[in-house]
Amino acid sequence: MKEILILGIESSCDETAAAVVKNGCEVLSNVISSQIDIHALYGGVVPEIASRRHIEKINQVIEEALLQAQVDLADIDAVSVTYGPGLVGALLVGVGAAKALAYAAGKPLVGVHHIEGHIAANYIEHPDLEPPFLCLVVSGGHTHLVQVKEYGTFEVIGCTHDDAAGEAFDKVARAIGLGYPGGPKIDKTAKEGDANAIEFPRAKIAGSEFDFSFSGVKSAVLNYLNQCEMKGQKVNTADVAASFQKAVVDVLVSRAVAAAQKLGEKRIAVAGGVAANSSLRKTMQEECGKAGIALYYPSPVFCTDNAAMIAVQGYHEYMSGRRDGLELNAVPNLKIGLRME
Ligand code: KG4
Ligand code: ZN
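Sequence positions are assigned chain by chain, starting from 1 and proceeding in written order. To label them, take the chains in the order written and letter them from A, then take the ligands in the order written and number them from 1. For a predicted model such as this one, the threshold for reporting local features is a pLDDT of at least 70, and the threshold for listing and counting side-chain atom pairs is 80 or more; totals across whole chains, interfaces and linings nevertheless cover every residue. Computation of side-chain values: all heavy atoms of the structure, hydrogens and water removed.

Student: Before we go on, may I ask you to explain the site of ligand 1 in this structure?
Tutor: Around ligand 1, 19 residues are found, and the nearest of them are His 118, Gly 140, Asp 170, Gly 183 and Asp 187. Under this definition, polar contacts are N or O atom pairs within 3.5 Å; protein pairs additionally need one hydrogen-donor-capable and one acceptor-capable atom, and for neighbouring residues in sequence, both atoms have to be side-chain atoms. One of the side-chain nitrogen or oxygen atoms of Asp 170 is found 2.7 Å away from an oxygen atom of ligand 1. The protein chains shown are the only cover counted for residues, whose accessible areas, like all others here, come from Shrake-Rupley with a 1.4 Å probe. In isolation ligand 1 exposes 550 Å². Once the protein is present, 88% of that is buried. Of all the elements in the fold, those that place two or more residues in the shell around ligand 1 are helix H4 (114-125), helix H5 (165-175) and helix H6 (182-190). When residues of the shell around ligand 1 are assigned to domains, at least three fall in each of domain 1 (5-119 + 303-319) and domain 2 (131-298). For each residue, the test is whether any non-hydrogen atom lies within 4 Å of the molecule or strand; if one does, the residue is near. Segments assigned H or I by DSSP are reported as helices when at least four residues long, segments assigned E as strands when at least two residues long, and all are numbered from the N terminus. Domain limits in this description derive from either an automatic procedure or a database domain assignment.

Dropping the structure here:
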């Protein structure tokens with residue numbers, strides 16, 4: 001069988017990334033230039049700074065990815081790139097670079113949906129995982145329950161009505177003084193705390209059993225902090241982090257397992273930055289074990305933004321014959337499962 005090499009490019013938020021992946025699962029290189037240090041100064045991602053930094057880094061990161069994979073552009077079968085959703089100025093840098101390379105080297109271009117890329121990260125280390133399965137997508141901008149019917153066919157069966165899970169982690173981390181990015185810091189701090197110390201709410205959405213809402217738990221944490229301040233009580237940061245994390249994890253896990261049971265899915269994959277959360281992984285493992293459901297999640301490096309996942313999804317779309325032309329544009333609010341808006 002001919003080897004298929006895909007160059008993946010990702011620049012939707014605050015990581016400039018490029019990767020080369022062989023046959024849809026073998027990662028030959030995975031280069032990530034993170035901007036976290038710059039954005040941490042401002043407590044979150046500043047879009048203009050992100051775009052400028054992507055422009056400065058993109059060529060270097062792509063060259064490094066080819067170098068580490070020990071391949072030339074001429075060896076690549078297709079260039080795949082995230083074209084949405086994300087910050088428009090950031091996406092445009094990756095899309096522009098991918099179009100230039102595809103045009104100059106005469107290679108096919110395949111635009112990839114960022115969240116479909118996150119889902120595809122699961123194929124890297126789990127060659128046995130093939131659609132259909134249920135995927136819980138939990139990132140900084142998205143919280144979705146998705147039925148993956150085929151490599152390129154998705155049905156969203158639940159989503160958040162307000163904040164994404166990662167967004168709630170980031171906002172609560174800022175409120176308790178842990179800084180940006182909040183998810184990994186809450187994960188670490190929660191290990192020192194008592195998850196049953198404070199009872200934060202677990203929101204249910206009337207009439208939509210697989211949807212989520214995280215703004216209530218976020219507000220409950222802010223109220224709790226205000227009340228402590230007014231009463232002159234010292235806040236136990238670790239207890240707040242652990243109790244908040246448990247409230248979010250309980251909802252994510254119970255809804256994912258209930259959805260799998262209702263739909264008759266025997267496999268759940270978890271994807272996106274929050275999939276790196278140690279408590280989510282542990283609780284998922286326990287509850288899936290009890291329900292007889294097989295659980296899949298990527299290594300932490302493939303949970304957060306990276307270009308290997310874009311190359312993997314790009315591979316499946318390339319193999320199915322999908323191609324984009326040089327009119328490919330960034331689509332900041334691209335919907336999952338739909339090609340162009
Ligand atoms: O998927 P991702 O890298 O970017 C988006 O597509 O949004 O996800 C970033 C999000 C951030 O909100 C970050 O705080 C969260 O993932 N995150 C975590 C952990 N690692 C990253 N949340 C909880 N626990 C973690 N260990
Ligand atoms: Zn992401």
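Student: How should I be thinking about the nonpolar core in this particular structure?
Tutor: One recurring pattern in soluble globular proteins: nonpolar side chains tend to sit buried together. Counting residues in hydrophobic clusters, the biggest one holds 45 residues, and the most contacted among them are Phe 244, Ile 268 and Met 284. Secondary-structure elements contributing two or more residues to this core are strand S6 (133-138), H5, H6, helix H7 (215-231), helix H8 (237-263), strand S9 (267-271) and helix H9 (278-291). Per-element tally for this core: the top contributor is H8, with 14 residues. To form a nonpolar core, buried Ala, Val, Leu, Ile, Met, Phe, Trp, Tyr and Cys residues must be joined to one another through side-chain atoms within 4.5 Å. Three labels apply to residues, based on accessible area from a 1.4 Å probe with only protein chains included: buried if under 20% of the type maximum, exposed if over 50%, partly exposed otherwise in between. With 34 residues, the next largest nonpolar core counts Leu 129, Val 146, Ala 307 and Val 312 among its residues.

Student: So what exactly am I meant to see when it comes to the domain arrangement of the protein here?
Tutor: In many reports, interface size means the accessible area that the parts give up when they come together. By domain assignment, the protein separates into domain 1 (5-119 + 303-319) and domain 2 (131-298). We call two residues in contact whenever any of their non-hydrogen atoms come within 4.5 Å of each other. Contacts between domain 1 and domain 2 engage 16 residues on the former and 20 residues on the latter. Two parts placed together each lose some accessible area; with a 1.4 Å probe, that loss summed over both constitutes the buried area. For the domain 1 and domain 2 pair, buried surface summed over both sides reaches about 1400 Å², with 75% attributable to carbon and sulfur atoms. Together, Ile 115, Ile 119 and Cys 303 form the three largest contributors to the area buried by domain 1 at its contact with domain 2, with a combined 43%. Salt-bridge detection follows one rule: a side-chain nitrogen of Lys or Arg within 4 Å of a carboxyl oxygen of Asp or Glu. Our enumeration of links across domain 1 and domain 2 arrives at zero salt bridges. In this assembly, domain 1 and domain 2 are joined by four residue pairs in polar contact (both at pLDDT 80 or more). For the side of domain 1 that touches domain 2, the secondary-structure elements that each account for two or more residues are helix H1 (36-40), H4 and helix H11 (308-319). Sort the elements by how many residues they give to the side of domain 1 that touches domain 2 and H4 lands first, with four residues. For this classification, the nonpolar set comprises Ala, Val, Leu, Ile, Met, Phe, Trp, Tyr, Cys and Pro, the charged set comprises Asp, Glu, Lys and Arg, and every other residue, Gly included, is treated as polar. Partitioned by chemical class, the residues of the side of domain 1 that touches domain 2 number seven nonpolar, seven polar and two charged.

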